[in-house]
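Remarks on the overall topology
Letter by letter, the chains look like this.
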Amino acid sequence: MKAYEGRAAAVAGTGRDPVNLPMIRHWCEAMGDRNPAYAGPDAIAPPTMLQAWIMGGLDGHAGGRARPYEELLALLDEEGCTSVVATDCEQEYLRPLRPGDEVAFDTVIESVSERKTTKLGTGHFVTTRTDVRVGSELVGTHRFRILKYAPARRKQRERRPRPVVNRDNAGFWEGVREHRLLIQRCTACATLRFPWLPGCHACGCPDWDTVEAEGTGTVFSYVVMHHPPFPAFEPPYAIGLVELAEGVRIVSNVVGVPYDKVRIGMPVRLEFRRYDEELTLPVFQGVAQ
Ligand code: ZN
């Protein structure tokens, strides 16, 4: 793979459009960048747009990728490094680009790393360097690094993330251990609050006691999680914002009904589900209508 270092990844590419004000304006709007240097008759392009001028769009560039780069990627695929993730990008700017500039570029494979082990899996970092020119003048370089890797095999049983227990919410988690869902109540004005907080949002009083939720509620809103998948969670699944009979709302899983049958207004009932030896969580059993 080292033999590919220094070989071409793209040759004699040209920007699909000359540097132009409409693209600059859209970019600045999207970025919220109001720098006056990017508007008006003497406008320059934001330097970080460098890559925008050399992107191929959906159809790609007329020339396309050079063969050595295609070969290198194929070689990595054969080694089992079939996944790819972009890791970082570095740019250098030699002079500002202005509307009307027509950019051309060449890309070389700058380096291919040894096989490395990362959290994603083991693989090789491939760095390409694109030299961007206007005429014969080098105006900037764009280094782009990808990791081509073999995905790490998933551990058989991932555990759910642990809740963060602190001074402000320890009482809630003690309640959960006893299968009681406790809601904080301000002792000054009796306002209920959930999730647990150090003070009353209605009157500011720091003193509180608790009331135990009787366990019924309705789905106030919900989402169905499809992507991305997280360890220990098997999509698709429904996450509800449940309004308890006491009036406060809690985010939790809606279980016991198919994810696509969860509806706003659906009655639910509290239950405590044990996920592993350390973790029990309040979830809500949906009652299909
Ligand atoms: Zn209060």
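Residues numbered from 1 in each chain as written. Predicted model: local features only at pLDDT ≥ 70, side-chain atom pairs only at ≥ 80, totals over all residues. Heavy atoms only, no water.

**As for the side chain of Thr127**
- Mapping Thr127 onto the fold places it in strand β5 (residues 121-134).
- The exposure class of Thr127 is buried, given its relative accessible area of 3%.
- Dropping the residues within four chain positions of it, Thr127 is found in contact with Val108, Ile109, Glu110, Ser111, Arg143, Phe144 and Arg145. (Helix = DSSP H or I, 4+ residues; strand = E, 2+ residues; numbered from the N terminus. Buried < 20%, exposed > 50% of the residue type's maximum accessible area, 1.4 Å probe, protein only. Contact = heavy atoms within 4.5 Å.)

**Focus: the coordination of the zinc ion**
- Listed as protein donors to the zinc ion are Cys186 (SG), Cys189 (SG), Cys200 (SG) and Cys203 (SG); their distances from the metal cover 2.2 to 2.4 Å.
- Relative to the metal, the four donor atoms surrounding the zinc ion lie at angles of 101 to 116 degrees, and the coordination shape comes out tetrahedral.
- Mapped onto the sequence, the donors of the zinc ion take the spacing C-x2-C-x10-C-x2-C.
- According to the relative accessible area criterion, Cys203 is partly exposed, its value standing at 43%. (Donors = N, O, S within 2.8 Å, 3.2 Å for Na, K, Ca; no water. Tetrahedral: all angles 85-135°; square planar, octahedral: opposite > 155°, others 65-115°.)

**Quick word on the domain arrangement of the chain**
- Entries for the chain in the domain assignment read domain 1 (2-151) and domain 2 (170-286).
- When each unit is reduced to the centre of its C-alpha atoms, the spacing between domain 1 and domain 2 is 47 Å. (Domains from an automatic or database assignment.)

**Some remarks on the environment of His179**
- Within the element layout of this structure, His179 appears in the loop between α3 (170-177) and β7 (182-186).
- Accessibility expressed as a relative area gives 44% for His179, which makes it partly exposed.
- Along the chain, His179 and Thr122 lie 57 residues apart, while their C-alpha atoms are 43 Å from each other.
- Among all residues touching His179, those that are not within four sequence positions of it are Glu212, Phe272 and Thr280.

**Focus: the nonpolar core**
- Counting 26 residues, the largest nonpolar core has Leu181, Leu244 and Phe284 as the members making the most contacts within it.
- Of all the secondary structure elements, the ones that give two or more residues to this core are α3, β7, β11 (237-244), β12 (249-255), β13 (267-274) and β14 (280-286).
- With sequence-adjacent residues up to four places away left out, Leu181 is seen in contact with Phe172, Phe194, Val211, Glu212, Ala213, Leu244, Ile250, Leu270, Phe272, Pro282 and Phe284.
- Membership of the second largest hydrophobic core comes to 17 residues, among which are Ile54, Leu97, Val132 and Val134. (Core = buried A, V, L, I, M, F, W, Y, C linked by side-chain atoms within 4.5 Å.)

**Notes on the pairing of β5**
- Within β5, 10 of the 14 residues are buried, leaving the element largely enclosed by the surrounding structure.
- Of the pairings in the sheet, the one linking strand β3 (residues 103-112) to β5 comprises nine bridges and is antiparallel in character. Residue pairing across strands places Val103 opposite Val134, the latter belonging to β5.
- Counted between consecutive antiparallel strands, the loop separating strand β4 (residues 116-117) from β5 contains three residues. (Pairing = 2+ DSSP bridges.)

**Concerning the pattern of salt bridges**
- Applying the stated criterion across every chain yields a total of 22 salt bridges.
- Two residues, Arg159 and Glu277, come together in a salt bridge whose shortest N-O distance is 3.3 Å. One end of the pair, Arg159, is in the loop between β6 (137-151) and α3; the other, Glu277, is in the loop between β13 and β14, with 118 residues separating them in the sequence.
- The closest approach of N and O atoms between Arg185 and Asp209, which form a salt bridge, is 3.1 Å. Taken together, the residues Arg185 in strand β7 and Asp209 in strand β9 (residues 208-212) connect sequence positions 24 residues apart. (Salt bridge = Lys/Arg side-chain N within 4 Å of Asp/Glu carboxyl O.)

**A word on the sheet that holds strand β8 (residues 192-193)**
- Here we have three strands laid out as an open sheet, ordered β8-β7-β9, and antiparallel in their pairing. Across the chains shown, the open sheet's two edge strands, defined by having one partner strand only, are β8 and β9.
- As defined by bridge partners, β7 adjoins β8 across two bridges and the pair is classed as antiparallel. The residue of β8 that forms the bridge with Arg185 is Leu192.

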